[in-house]
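An overview of the molecular structure
Read off the chains here:
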Amino acid sequence: MSKRLVIIGSQWGDEGKGKITDYFACKSDMVVRYQGGNNAGHTVAFGGNKYSLRSIPSGIFNPETVNVMANGMVINPESVVNELSILRDKGVTDYQLYISDRAAMVMPWHSVLDGAYEAGKGNARIGTTKNGIGPCYSDKYSRIGLRMGDLLEPEYFAERLRAALEIKNRELRSLDLPEFDFETVYARYMELAEELGGMICDTSSLINKALKGDGKILFEGAQGMMLCIDHGTYPYVTSSTPSSASVPVGAGISPKWIDHVVGVAKSYCTRVGEGPFPTELFDDRAHDIRERGHEYGTVTGRPRRIGWFDAVVARYTGELAGIDHWALMLFDVLSGLDTVAICVGYECEGEVLQSPPSTISRLARCKPVLIEMEGWSEDLSEMKSYDELPAAAKAYVRKIEEVTGIPVGVISVGPDRSQTIVIDESLREFLNS
Ligand code: GDP
Ligand code: IMO
Ligand code: MG
């Protein structure tokens, strides 16, 4: 039986990773976030309540599950404290949460610079969440960043803060932006250390202990593979690698431990922010899907762009991340359309491409090769098994498996935990053991 599941977004984010992670977390010993930060917005719904998580893992609702924010993340302590207080207000107080001492720490100038870089790009802006994700990762790789563990050593933290401010204030001055004062930042981060200090530890050894103890562990990706800094639609991407391939480094474990990768995919596609989107729809169907699926950003409230399911993207991300099964999400949303379509290739300058080109200039010239299929009108949201689905919906699922070469292991027919159909036997075993 698979015991170490990686759950990743296979499109442009917001595929429903929060829902699926929470569903499996109820039967897991540990949930680990290994990249990204509070640019994510993961929705979890159960018992009539809805929660939106930014950087806290989606296993937080199960008191038995250990939640880990691992070293590959960029962590904004201010935002974590805020998230915990929102959870507390909603009655979520019984949880286990650990934060890596080696995780990069988001500092107040990161979001200011994120906004300034975006403004400077004009029409070429990325459409970032302005949470300072890119600037924080840049500082990590420039080796001038601060890390969560620094908070536990006030003198060392002060030294790192002084060194960073020297560089960052110079940059802020050059952009005519207000500088940050050492005393103010130091005092605030020491307050945050009071609140979070008890959770900060060497999470890699914690995870490795659980692995050796035969624990069931979920690795929860953020964003989606097409937003990957290496393999996505560069430069319209985030600044990390959402792939299963980033789990070993981002969690501090050996790659040999991973035994199952679930690719979370909407039954259509969405994208927030700028950048090419080959199957994008601009007509009434986009409007219908957006309203039925409540396709507005969890973090920024921006309307999400809508397109058909893109099998070119699915094959590409499936191969890159070693996806074993799809969790096919928001399947209920497609009900009521006369026809549905799947993109199986990109037509570009007389050629049909089977995988996305590397430049967005070429991707923007790609036209989707679509296969149209009959739609269905039945409401799927109360259906509990694959057998109950109407014939046209079953045919759509089978077509996705055929054109991607990857089986569908889970079908989601609504945002709530209860609206989940698990088809694959090994995933059922995970839940039943
Ligand atoms: P994530 O970032 O991948 O965790 O996804 P988000 O939470 O940002 O966006 C997914 C949205 O779809 C959320 O509002 C979920 O509550 C909702 N959702 C998840 N699965 C389903 C589903 O099967 N059907 C419907 N109608 N909504 C769903
Ligand atoms: P979850 O985990 C959807 C997008 C932003 C922007 C680009 C870069 O909820 O799926 P960033 O702030 O990361 O520098 O922005 O990436 N983006 C997301 N889109 N879901 C997300 O996370 C995203 N995180 C970042 O809209 O286009
Ligand atoms: Mg989201």
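Nothing here was measured: the structure is a model prediction, and the numbers come from that model. (Residues numbered from 1 in each chain as written. Chains lettered and ligands numbered in written order. Predicted model: local features only at pLDDT ≥ 70, side-chain atom pairs only at ≥ 80, totals over all residues. Heavy atoms only, no water.)

1. Describing the domain arrangement of the protein chain
- Taken as a whole, the protein chain is organised into domain 1 (4-103 + 199-257), domain 2 (104-196) and domain 3 (266-432).
- For domain 1 versus domain 3, the distance between C-alpha centres works out to 23 Å.
- At the interface, 41 residues of domain 1 touch 40 residues of domain 3.
- Taking both partners together, domain 1 and domain 3 bury about 3400 Å²; carbon and sulfur atoms supply 64% of that area.
- A per-residue breakdown of the area domain 1 buries against domain 3 is headed by Trp 12, Lys 19 and Tyr 23, which together make up 21% of the total.
- Counting across the interface, domain 1 meets domain 3 through two salt bridges.
- Here Arg 304 and Asp 14 are joined by a salt bridge, their closest N and O atoms 3.1 Å apart. (Domains from an automatic or database assignment. Contact = heavy atoms within 4.5 Å. Buried area = accessible area lost by both parts, 1.4 Å probe. Salt bridge = Lys/Arg side-chain N within 4 Å of Asp/Glu carboxyl O.)

2. Brief notes about the site of ligand 1
- Taken together, 20 residues surround ligand 1, and among them Lys 17, Gly 41, Thr 43, Asp 332 and Ser 412 come closest.
- Contact distances for ligand 1 include 2.8 Å between an oxygen atom and a backbone N or O atom of Lys 17.
- For ligand 1, an oxygen atom lies 2.5 Å from a polar atom in the side chain of Ser 412.
- Protein chains bury 95% of the 580 Å² of accessible surface belonging to ligand 1 in isolation.
- Elements that contribute at least two residues to the shell around ligand 1 include exactly helix H1 (17-25) and strand S3 (42-46).
- Ranked by the residues each element gives to the shell around ligand 1, the list is headed by H1, at three residues.
- Of the residues that constitute the shell around ligand 1, the class distribution is five nonpolar, eight polar and seven charged. (Near = heavy atom within 4 Å. Polar contact = N/O pair within 3.5 Å; in protein donor to acceptor, adjacent residues only side chain to side chain. Areas by Shrake-Rupley, 256 points an atom, 1.4 Å probe, with all protein chains shown as cover. Helix = DSSP H or I, 4+ residues; strand = E, 2+ residues; numbered from the N terminus. Nonpolar A, V, L, I, M, F, W, Y, C, P; charged D, E, K, R; others polar.)

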